[in-house]
Amino acid sequence: MNTDSELAFFCSLVKQGSLAATARELNLTPPAVSRRLSLLEERLGVRLLNRTTRRISLTSEGEVYFESAQRILRAIEEMEQRVSSSRNAPKGVLRVNAPLGFGRSYIGPSISGFSKAYPDVEVQLHLTDRPIVLPDEAIDISIRFGNVPDSRLIARKIAANRRLLCASPAYLRHAGMPSTPHELTEHQCIVLRQNEGAFGNWRLSHGKQNETVKVHGKLSTNDGEVALKWALEGHGILMRAEWDVAKYLRSGRLVQVLAEYETPAADIYAVYMERLNLAAKVSYFLDYLRDYLEKHTDSPQRGTW
């Protein structure tokens, strides 16, 4: 038995949830499945599963083996797809979801170029700032910022991104420049209310020092472009993605605040379901999008993208 077939067998066993179900899936007898599992455990010298007549559960060693097996199998699939992709022309319908602002500024224009390069792919772009559940909403690729907690999804980083604190020179002349995170509580802060998460809690770090500041202000919104316009008009301090504020920082219409402090990373990921690993339309689009962002993202320091 080669290693990748052992990994695939164990992952199938865990996903099916029982020896009998795995036997049906693999067209084997339950005793054959049980024997194959025993041989795997004997070779490793550890018990991977606790099992009864009705169900199985992972041991702590089994959890490590299962997570690593999934990662290795995905890497093998991606490697094989990339090697063979030159023989597979991308085609079919590709449904892409992205946040409103970033989608308008970057994803839409990138799709224009992709469509010209690969005319056999029909692209449907859906822009929204609310969370998307991929299997439920028939989306092939979702562009997201920050961490992707759903372990069922594959997340490919397509661009680095930082969140920056900034304000207009007029506001800072009037209210002063804060020198510590705590001083943000004395300022008008423009708060984004998005995705039903906790709003107004800004997390900043400097070395090993981490602070969470509850900020407030007279203005809040669920639209990033509106918030950015308010900052430009001098209404307060805003935390916003670097791609969105870079040109205003360069022109001087905005000034970075507490530049020595870092906020949680907001790297940009393309998220998709495992079943799409072998789809040429997905891999071609991801490669095209990554190259496009490297050439076109509007960053104060181009090397950070």
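Residues numbered from 1 in each chain as written. Predicted model: local features only at pLDDT ≥ 70, side-chain atom pairs only at ≥ 80, totals over all residues. Heavy atoms only, no water.

Asks: Explanation requested: the overall build of the protein chain in the structure shown.
Replies: When its secondary structure is counted, the protein chain shows ten helices and 14 strands. With 305 residues in all, the protein chain has 43% of them scored as buried. Counting only contacts in the protein chain whose residues sit at least 6 apart along the sequence, the fraction spanning at least 24 positions is 73%. Surface exposure of the protein chain reaches about 16400 Å², of which carbon and sulfur atoms provide 48%. (Helix = DSSP H or I, 4+ residues; strand = E, 2+ residues; numbered from the N terminus. Buried < 20%, exposed > 50% of the residue type's maximum accessible area, 1.4 Å probe, protein only. Contact = heavy atoms within 4.5 Å. Areas by Shrake-Rupley, 256 points an atom, 1.4 Å probe, with all protein chains shown as cover.)

Asks: Sorry if this is basic, but what is going on with unusual backbone geometry here?
Replies: In this structure, Asn 27 is a non-glycine residue whose phi angle is positive, near 60°. Tracing the backbone through its elements, the reader meets Asn 27 in the loop between α2 (19-26) and α3 (30-44). Assessed through its relative accessible area of 71%, Asn 27 is described here as exposed. A positive phi angle is found at Leu 258, which is not glycine, with a value near 50°. You can see Leu 258 is positioned in the loop between β13 (255-256) and β14 (268-273). Since its relative accessible area comes to 5%, Leu 258 is described here as buried.

Asks: Would you mind going over the packing of aromatic side chains with me for this structure?
Replies: For any pair of aromatic rings, the description consists of the separation of the ring centres together with the inter-plane angle of the planes. Scanning all chains against the criterion turns up ten aromatic pairs. An angle of 40° between the planes, with centres 5.0 Å apart, marks the rings of Phe 114 and Tyr 118 as tilted. Residue classification places Tyr 118 among the partly exposed positions, given a relative accessible area of 25%. Pairwise contacts between aromatic rings join Phe 114, Tyr 118, Tyr 284, Phe 285 and Tyr 288 into one cluster. (Phe/Tyr/Trp six-rings, centres within 6.5 Å; stacked < 30°, edge-to-face > 60°.)

Asks: Looking at this structure, how should I read the sheet that holds strand β11 (residues 220-221)?
Replies: The strands making up a sheet associate through hydrogen bonds between their backbones, and the pairing can be parallel or antiparallel. One open sheet accounts for five strands, arranged β11-β8-β12-β7-β13; its pairing is mixed. For this open sheet the edge positions go to β11 and β13, each flanked by a neighbour on one side alone. Alignment of strand β8 (residues 189-192) against β11, held across two bridges, turns out to be parallel. For Leu 192, the partnering residue across the bridge sits in β11 and is Thr 221. Most of the contacts of helix α9 (residues 242-251) go to strand β12 (residues 237-241), to which it runs at about 120°, and overall it touches β7 (163-167), β12 and β13. (Pairing = 2+ DSSP bridges. Axes fitted to C-alpha atoms, helices over the stretch in contact; angles between N-to-C directions.)

Asks: How should I be thinking about the pattern of salt bridges in this particular structure?
Replies: Two side chains of opposite charge can pair, provided their charged atoms sit close to one another. For the structure on display, the rule yields nine salt bridges. Note that Arg 43 is salt-bridged to Glu 6, the shortest N-O span being 2.6 Å. Of this pair, Arg 43 sits in helix α3 while Glu 6 is found in helix α1 (residues 3-16), placing the two residues 37 residues apart along the sequence. Given the relative accessible area of 6%, Glu 6 is considered buried. Note that Glu 294 and Arg 290 form a salt bridge whose closest N and O atoms lie 3.9 Å from each other. Linking Glu 294 with Arg 290, this pair stays in helix α10 (residues 280-296), spanning four residues, or about one helical turn. (Salt bridge = Lys/Arg side-chain N within 4 Å of Asp/Glu carboxyl O.)

Asks: Can you walk me through α9 in this structure?
Replies: Residues lying three or four places apart along an α-helix face the same way, a consequence of the helix completing one turn every 3.6 residues. For α9, a buried count of seven out of ten residues is recorded, marking the element as mostly surrounded by other parts of the structure. Turning to α9, its buried residues number three or more, namely Glu 242, Trp 243, Asp 244, Val 245, Ala 246, Tyr 248 and Leu 249. For α9, the elements touching its buried residues are α5 (100-117), β5 (141-145), β7, α8 (224-232), β12 and β13. Count one or two residues on from α9 and you reach Gly 252, which has phi positive near 90°.

Asks: Sorry if this is basic, but what is going on with the pairing of β14 here?
Replies: Taken residue by residue, a regular strand's side chains alternate between the two faces of the sheet. For β14, the tally of buried residues reaches six of six residues, placing the bulk of the element in the interior. Where burial is concerned, the two faces of β14 agree: the one with Ile 268, Ala 270 and Tyr 272 and the one with Tyr 269, Val 271 and Met 273 are both buried. Pairing analysis gives four bridges linking β5 to β14, with the strands arranged antiparallel. Each residue of the ladder has a partner; that of Arg 144, found in β14, is Tyr 269. Alignment of strand β6 (residues 153-159) against β14, held across six bridges, turns out to be antiparallel. Looking at β14, one finds that Arg 156 is bridged to Ala 270.

Asks: When you look at the confidence of the model for the protein chain in this model, what are you seeing that I'm missing?
Replies: Close inspection of predicted coordinates is inappropriate in any region flagged by low pLDDT. Residues at a pLDDT of 70 or more form 85% of the protein chain, whose mean pLDDT is 84. Segment residues 300-305: pLDDT under 50, and 19 contacts once partners within four positions in sequence are set aside and those in other chains are kept. (pLDDT = per-residue confidence, 0-100.)

Asks: Mind showing me how you'd approach the environment of Leu 164 here?
Replies: Turning to its location among the elements, Leu 164 is positioned in strand β7. By relative accessible area, which is 4% here, Leu 164 ends up buried. A C-alpha to C-alpha distance of 8.0 Å links Leu 164 and Leu 238, two positions 74 residues apart in sequence. Excluding residues that lie within four positions of it along the chain, Leu 164 makes contacts with Leu 238, Met 239, Arg 240, Glu 242, Val 245, Leu 249 and Gln 256.

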